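Listed below, chain by chain, are the residues.
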Amino acid sequence: MRKINVIALMLMVVFTTTNVIAQELPQPSPAAKVEQRIGLTDVTVEYSRPSVKNRTIWGELVPFDVIWRTGANANTLVTFSDDVKVNGKALKAGTYSFFTIPAKGADWKVMFNSVIDGWGEGKYKKENDVLTLSTKPIKGMYQESLRFSFEKLTGTSGNLVLAWDIIAISLKIEVDVDTKAWANIDKAIAEITDENKAGVYRNAAKHSASTGKRLEEGLKWIDASIEAKSSWYSYWVKADVQHAAGDNAGAIKSANKAIELGEAGAKESGKPFGYKDRLEKAITDYK
């Protein structure tokens, strides 16, 4: 009986200890995650957010000229779904730990490191840096809790901004939208079906018109789309492709056809055709 009681006590201790360890409690620097699509590339930052709490941050809590985890707790991680350029330097798709060396009155060093399971600076080694660059810190609006954000977004770039206290750094991320978009188009066409033929060909032709590339193919694609399913919108896309290819007379003819089909459809539904003005403006532009 005594042996059984001892075993029961040991199991109770193990169970109690496990539950204590497993408890989730509030953290002084809570976890955060920010995601942004730039072009067709997804960028994600996972980090912890320390707060100022009336402390002197730069030069004291975060010393100058010393490696900094750039956050709190586990390493800050930055993930890119595709190859990118950061401040003009190439970086392969993947997940990286993010470190900085703050400096007083000088550029900061920024490091993307391949070891991603560290805590603090504990596993940082310079030889694991995949990309190292310098950036000038700027004085910004006061930020109580450390924050990563994305600013100045365009179709091909965006700035990853780190801000804390009154200091911020900004890294320009550039993506190759064109290559990925054309790869997506080629893949969609290779896998085309009767059900999605009209949409796939129309979308491919629209991209051709907007980029001014592969226009000969773009004309074939929009004709195949119209053959599969004719619509006023398809003729508008055809007009744009023809205009991009220099065939303005053909573009005007296609735009007028788009108005004709749009008004006919609107008459059947009993609703006004809301795109006539825009198509007429397009015709003026084609002229």
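To be clear, the structure that these remarks concern was listed above.
Numbers given to residues run from 1 along each chain, matching the order in which its sequence is written. Confidence filtering applies because this is a predicted model: local features only for residues at pLDDT of at least 70, side-chain atom pairs given and counted only at 80 or more, and all residues used for totals across whole chains, interfaces and linings. Values shown for side chains rest on all heavy atoms present in the structure; no hydrogens or waters enter the calculation.

### Some points on helix H6 (residues 248-269)
Because an α-helix completes one turn every 3.6 residues, residues spaced three or four positions apart along the sequence face the same direction.
Here is step 1: Here H6 contains 22 residues, and its C-alpha end-to-end distance of 31 Å stays within 8% of the 32 Å for a straight helix at 1.5 Å per residue.
Here is step 2: Buried means the residue's accessible area, taken with a 1.4 Å probe over protein chains only, is under 20% of the maximum for its type, while exposed means over 50%, and partly exposed covers the values in between. Secondary structure elements follow DSSP: runs of H or I no shorter than four residues count as helices, runs of E no shorter than two count as strands, and numbering proceeds from the N terminus. Among all positions of H6, only Gly-250, Ala-251, Ser-254, Ala-255, Ala-258, Ile-259, Gly-262 and Ala-266 are buried.
Here is step 3: Looking at the buried positions of H6, the neighbouring elements they touch are helix H5 (232-244) and helix H7 (276-286). To estimate how far a helix should reach, multiply one less than its number of residues by 1.5 Å. Contacts are residue-level and defined by heavy atoms, with any inter-residue pair within 4.5 Å sufficient.

### As for the nonpolar core
Here is step 1: Only buried Ala, Val, Leu, Ile, Met, Phe, Trp, Tyr and Cys residues count toward a nonpolar core, and they belong to the same one when joined by side-chain atoms within 4.5 Å. Formed by 35 residues in total, the largest nonpolar core has its most connected members in Phe-80, Val-86, Phe-112, Phe-148 and Ile-173.
Here is step 2: Here the element with the most residues in this core is strand E10 (residues 157-175); it accounts for eight residues.
Here is step 3: The contact partners of Phe-80, leaving out residues within four places of it in the chain, are Asp-42, Val-43, Val-86, Leu-91, Ala-93, Gly-94, Tyr-96, Phe-112 and Ile-173.

### Looking at the environment of Ser-208
Here is step 1: On the secondary structure map, Ser-208 appears in helix H3 (residues 197-211).
Here is step 2: On the accessibility criterion, Ser-208 (0% relative accessible area) is buried.
Here is step 3: Sequence spacing of Ser-208 and Trp-221 is 13 residues, and the spatial spacing of their C-alpha atoms is 9.5 Å.
Here is step 4: Beyond its immediate sequence surroundings of up to four residues, Ser-208 is in contact with Trp-182, Lys-213, Arg-214, Leu-215, Gly-218 and Trp-221.
Here is step 5: Whenever a nitrogen or oxygen atom comes within 3.5 Å of another N or O atom, the pair is scored as a polar contact, on the condition that within protein one atom can donate a hydrogen and the other can accept it, and that pairs from neighbouring residues in sequence are kept only if both atoms are in side chains. A polar side-chain atom of Ser-208 sits 3.1 Å from the main-chain carbonyl oxygen of Arg-214.

### A word on the sheet that holds strand E1 (residues 31-38)
Here is step 1: On the basis of which strands lie adjacent, the open sheet formed by six strands has the order E1-E2-E3-E6-E7-E8 and antiparallel pairing. Taken across any chain shown, the strands that pair with only one partner, and hence form the sheet edges, are E1 and strand E8 (129-135). Between one strand and the next, the sheet's axes are offset by a mean angle of 20°, whatever the strand orientation.
Here is step 2: The sheet contact formed by E1 and strand E2 (residues 41-48) spans eight bridges and is antiparallel. Paired with Ala-31 across the bridge in E2 is Ser-48. In this scheme, strands are said to pair when DSSP sees at least two bridges between them. Here an angle of 0 to 180 degrees is reported between the N-to-C directions of two axes, which are lines fitted to C-alpha atoms, with helices fitted over the stretch in contact.

### Considerations on the packing of aromatic side chains
Here is step 1: Any two rings among Phe, Tyr and Trp, with Trp reduced to its six-membered ring, count as a pair given centres within 6.5 Å; such a pair is stacked if its planes are under 30 degrees apart, edge-to-face if over 60, and tilted if neither. Using the criterion set out here, one finds 18 aromatic pairs in the structure.
Here is step 2: Residues Phe-80 and Tyr-96 carry aromatic rings whose centres are separated by 6.5 Å and whose planes lie at 50° to one another, so their mutual orientation is tilted. A residue pair is termed long-range when its members are at least 10 positions apart, and Phe-80 in strand E3 (residues 77-80) and Tyr-96 in strand E6 (residues 94-101) qualify at 16 residues.
Here is step 3: Three or more aromatic residues link up through ring pairs in this structure, and these residues are Tyr-47, Phe-80, Tyr-96, Phe-98, Phe-112 and Phe-148.

### Some points on the pattern of salt bridges
Here is step 1: Throughout this description, the term salt bridge denotes a Lys or Arg side-chain nitrogen within 4 Å of a carboxyl oxygen of Asp or Glu. What the rule picks out here adds up to 15 salt bridges.
Here is step 2: The closest approach of N and O atoms between Arg-214 and Asp-186, which form a salt bridge, is 2.9 Å. Residue Arg-214 is found in the loop between H3 and helix H4 (215-228), and its partner Asp-186 is found in helix H2 (residues 177-190); the two are separated by 28 residues along the sequence.
Here is step 3: For Arg-214, a relative accessible area of 29% puts it in the partly exposed group.
Here is step 4: You can call Asp-186 partly exposed: its relative accessible area is 35%.
Here is step 5: Across the pair Asp-223 and Lys-238 runs a salt bridge whose closest N-O atoms are separated by 3.0 Å. Pair noted here: Asp-223 is in helix H4 and Lys-238 is in helix H5, with a separation of 15 residues, a long-range link.
Here is step 6: What makes Lys-238 buried here is its relative accessible area of 17%.
Here is step 7: Through salt bridges that share partners, Asp-186, Arg-214 and Glu-217 make up one connected network.

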